[in-house]
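Structural overview
Each chain, letter by letter, is given below.
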Amino acid sequence: MNEELLATRKNDHLDIVLDPLRARRVASTGFDGVAFEHCALPELHLDQVDLGASLLGRRLAAPLLISSMTGGAARAVQINHSLAVAAETLGIALAVGSQRIALETEADQGLTRHLRQLAPSVPLLANIGAAQLVAGYGLDQARRAVGMIEADALIIHLNPLQEAVQQGGDRDWRGVLSAIKRLAAKLDVPLVVKEVGAGLSPRVARQLVEAGVSVLDIAGAGGTSWAAVEAERAADPQQRAIAQAFAGWGIPTALALQRVRQECPGATLIASGGIRDGVDAAKAIRLGANLVGQAAGVLDAALLGPEAVIEHFQVLIQQLRVACFCTGSANLAALSRAPLLTDGAR
């Protein structure tokens with residue numbers, strides 16, 4: 001696919017996700033069915049609640065990942081700059097969007113070593129698509145993606161539903177697991193594998209862990225539906241109808257998280273997919289997440305600049321801190337054991 005078509009597709013995606021009427025939520029995350037038992041005697045100082053976490057050997061001020069997002073080349077430069085500055089200021093991790101355009105064309109989308117200069121102390125995650133691993137990409141492209149931004153790890157994103165309903169999408173997914181296993185054995189940095197909004201099942205999560213994947217991002221249903229996005233993009237009525245039927249497809253984020261944690265008790269898990277605020281983040285940590293990711297929820301702020309991104313996450317971080325305080329949790333380990341009133345996500 002040429003540079004112009006790729007950039008147009010990414011621009012379309014960004015426009016649709018930014019439009020609340022076109023990118024409406026079509027599935028539930030499951031977090032509304034989870035409620036903490038309120039603690040009226042926390043015996044804590046709110047400001048001393050410890051939200052510290054770690055990822056890939058780097059310390060984080062809060063258990064947050066700015067999840068992968070991208071756009072057309074011009075806007076992507078601005079987005080990536082804003083996110084890197086904000087991540088460094090806040091002490092949280094940053095995952096870039098797909099680097100396919102940057103790897104295959106001369107448009108780097110701001111994905112250069114300058115990104116690492118902007119965020120020298122936080123985890124940076126590079127990103128390529130799983131379908132590309134059976135369509136010509138290999139160790140060389142993976143190393144280039146990592147080196148391009150001096151990343152701490154490489155994300156392989158799984159988006160079979162999106163590709164299946166997308167005009168011109170990648171249809172052949174045979175051999176993807178084997179390719180991931182080969183890459184995990186040879187790449188110099190850890191592999192992260194994430195879904196893009198339909199969720200990881202326990203069986204797939206176990207396969208990935210056994211293949212050598214270091215971190216799993218379950219990215220469940222309840223946030224951006226890429227089937228719905230592709231339905232919005234489709235010019236052909238039949239293609240639109242095919243995609244729209246899958247708008248609510250996927251494993252709700254809360255349920256996917258619980259099931260994967262049960263299947264892979266020792267895995268490092270990131271929960272993303274419809275995280276609205278710090279209360280959802282607290283629920284995700286209680287259900288088994290090590291970190292919580294957010295992408296679409298911060299996209300508007302990313303287009304305004306780093307200050308807006310910082311303000312957005314400062315609110316989320318304080319919400320998470322209050323959730324810890326009101327469950328009597330001095331830190332995230334305590335929050336992961338906080339009593340629940342209900343657990344409707346199971």
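Residues numbered from 1 in each chain as written. Predicted model: local features only at pLDDT ≥ 70, side-chain atom pairs only at ≥ 80, totals over all residues. Heavy atoms only, no water.

Some words on empty space enclosed by the protein
Inspection of every chain in the model, using the stated rule, returns 2 cavities of 30 Å³ or more. Of the voids in this model, the largest cavity is the one considered here, and its volume is about 140 Å³. Around the largest cavity, the lining comprises 19 residues; the ones closest to its centre are Leu161, Gly197, Ala198, Ser225 and Trp226. Only helix H6 (160-165) and helix H9 (226-233) provide two or more residues apiece to the lining of the largest cavity. Grouping the amino acids of the lining of the largest cavity by side-chain chemistry returns 11 nonpolar, 7 polar and 1 charged. (1 Å grid on protein atoms, 1.4 Å probe; cavity = no way out; pocket = protein on both sides within 12 Å on 5 of 7 lines; lining within 4 Å. Points joined across faces, edges and corners; volume = space filled by probe spheres on them. Helix = DSSP H or I, 4+ residues; strand = E, 2+ residues; numbered from the N terminus. Nonpolar A, V, L, I, M, F, W, Y, C, P; charged D, E, K, R; others polar.)

Here we look at the pairing of strand E8 (residues 191-195)
A large share of E8 lies buried, amounting to 5 of its 5 residues. Going residue by residue along E8, you find Leu191, Val193 and Glu195 tucked away on one face and Val192 and Lys194 tucked away on the opposite face as well. Sheet topology note: the E8/strand E9 (residues 215-217) ladder contains 3 bridges and is parallel. Residue Lys194 lies in a different strand from E9, and its bridge partner there is Asp217. Once you follow E8 into helix H8 (residues 202-210) and on to E9, the crossover reads as right-handed. (Buried < 20%, exposed > 50% of the residue type's maximum accessible area, 1.4 Å probe, protein only. Pairing = 2+ DSSP bridges. Right-handed = clockwise from strand over helix to strand, strands pointing away.)

Some thoughts on the sheet that holds strand E10 (residues 268-271)
Pairing within the closed barrel is parallel, and its 8 strands lie in the order E4-E5-E6-E7-E8-E9-E10-E11. Taken pair by pair, the neighbouring strands of this sheet meet at an average axis angle of 25°, ignoring direction. Where strand E4 (residues 64-66) and strand E11 (residues 291-294) come together, 3 bridges link them in parallel fashion. In the sheet register, Leu65 faces E11, and the bridge partner there is Gly293. Lying on the sheet, helix H5 (residues 139-149) is in contact with strand E6 (124-129) and strand E7 (153-158); it crosses E6 at an angle near 145°. Against the sheet, helix H14 (residues 306-325) contacts E4 and E11, and its axis sits at roughly 155° relative to E4. (Axes fitted to C-alpha atoms, helices over the stretch in contact; angles between N-to-C directions. Contact = heavy atoms within 4.5 Å.)

Thoughts on the side chain of Thr105
In this fold, Thr105 is placed in the loop between helix H3 (100-104) and helix H4 (113-118). Within polar-contact distance, the side chain of Thr105 engages the backbone oxygen of Ile101 at 2.7 Å. A polar side-chain atom of Thr105 sits 3.1 Å from the main-chain amide nitrogen of Ala107. (Polar contact = N/O pair within 3.5 Å; in protein donor to acceptor, adjacent residues only side chain to side chain.)

Notes on the packing of helix H13 (residues 296-304) against H14
Orientation of H13 relative to H14, taken along the N-to-C sense of each, is 150°, at an axis distance of 6 Å. The angle between H13 and H14 places the two elements in the roughly antiparallel class. Between H13 and H14, the contacting residues are Gly297, Val298, Ala301, Ala302 and Leu304 on the first element and Ala308, Val309, His312 and Phe313 on the second. When its residues are assigned to classes, the contact of H13 with H14 shows 7 nonpolar, 2 polar and no charged. (Parallel < 35°, antiparallel > 145°, perpendicular 65-115°, else oblique.)

Description of the layout of surface pockets
In this structure, the second largest pocket occupies an estimated 400 Å³ of space. Along its surface, the second largest pocket is lined by 17 residues, and Leu158, Pro160, Trp173, Glu195 and Val204 are the ones closest to its centre. Elements represented by at least two residues in the lining of the second largest pocket include exactly H6, helix H7 (176-186) and H8. Classifying every residue of the lining of the second largest pocket gives 13 nonpolar, 3 polar and 1 charged.

Describing the pattern of salt bridges
Pairing is possible between side chains that carry opposite charge, provided their charged atoms lie close to one another. Summed over all chains, the structure comprises 11 salt bridges. Across the salt bridge formed by Arg116 and Asp152, the nearest N and O atoms sit 2.7 Å from each other. With Arg116 in helix H4 and Asp152 in the loop between H5 and E7, this pair connects stretches of sequence that are 36 residues apart. The pair formed by Arg116 and Asp152 is uniform in burial state, with each residue classed as buried. Between Arg143 and Asp188 there is a salt bridge, and its shortest N-O distance comes to 3.8 Å. Of this pair, Arg143 sits in helix H5 while Asp188 is found in the loop between H7 and E8, placing the two residues 45 residues apart along the sequence. Several salt bridges converge on common partners, so that one network encompasses Asp32, Arg276 and Asp280. (Salt bridge = Lys/Arg side-chain N within 4 Å of Asp/Glu carboxyl O.)

Regarding the UniProt feature "domain: FMN-dependent dehydrogenase" (unreviewed entry) in the protein chain
Feature annotation in UniProt places "domain: FMN-dependent dehydrogenase" (unreviewed entry) on residues 178-338, given in this structure's numbering. Along residues 178-338 the backbone is 54% helical and 10% strand, and the end-to-end C-alpha distance reaches 39 Å. (UniProt positions renumbered as here; feature names shortened; annotations may be inferred.)

Focus: the environment of Leu303
Structurally, the position occupied by Leu303 is in helix H13. Residues Leu303 and Val204, spaced 99 residues apart in sequence, show a C-alpha to C-alpha distance of 35 Å.

Regarding the nonpolar core
Counting residues in hydrophobic clusters, the biggest one holds 101 residues, and the most contacted among them are Ile66, Ile128, Leu154, Ile156, Ile180 and Leu335. Of the residues forming this core, the biggest block, 9 residues, is contributed by H14. When residues no more than four places from it in sequence are discounted, the contact partners of Ile156 are Ile128, Gly129, Ala130, Leu133, Ile180, Leu183, Leu191, Val192, Val193 and Lys194. (Core = buried A, V, L, I, M, F, W, Y, C linked by side-chain atoms within 4.5 Å.)

Here we look at the side chain of Asn159
Of note, Asn159 is situated in the loop between E7 and H6. Accessibility expressed as a relative area gives 6% for Asn159, which makes it buried. Within polar-contact distance, the side chain of Asn159 engages the side chain of Gln162 at 3.1 Å. Other than its neighbours up to four places away in sequence, Asn159 contacts Trp173 and Val196.

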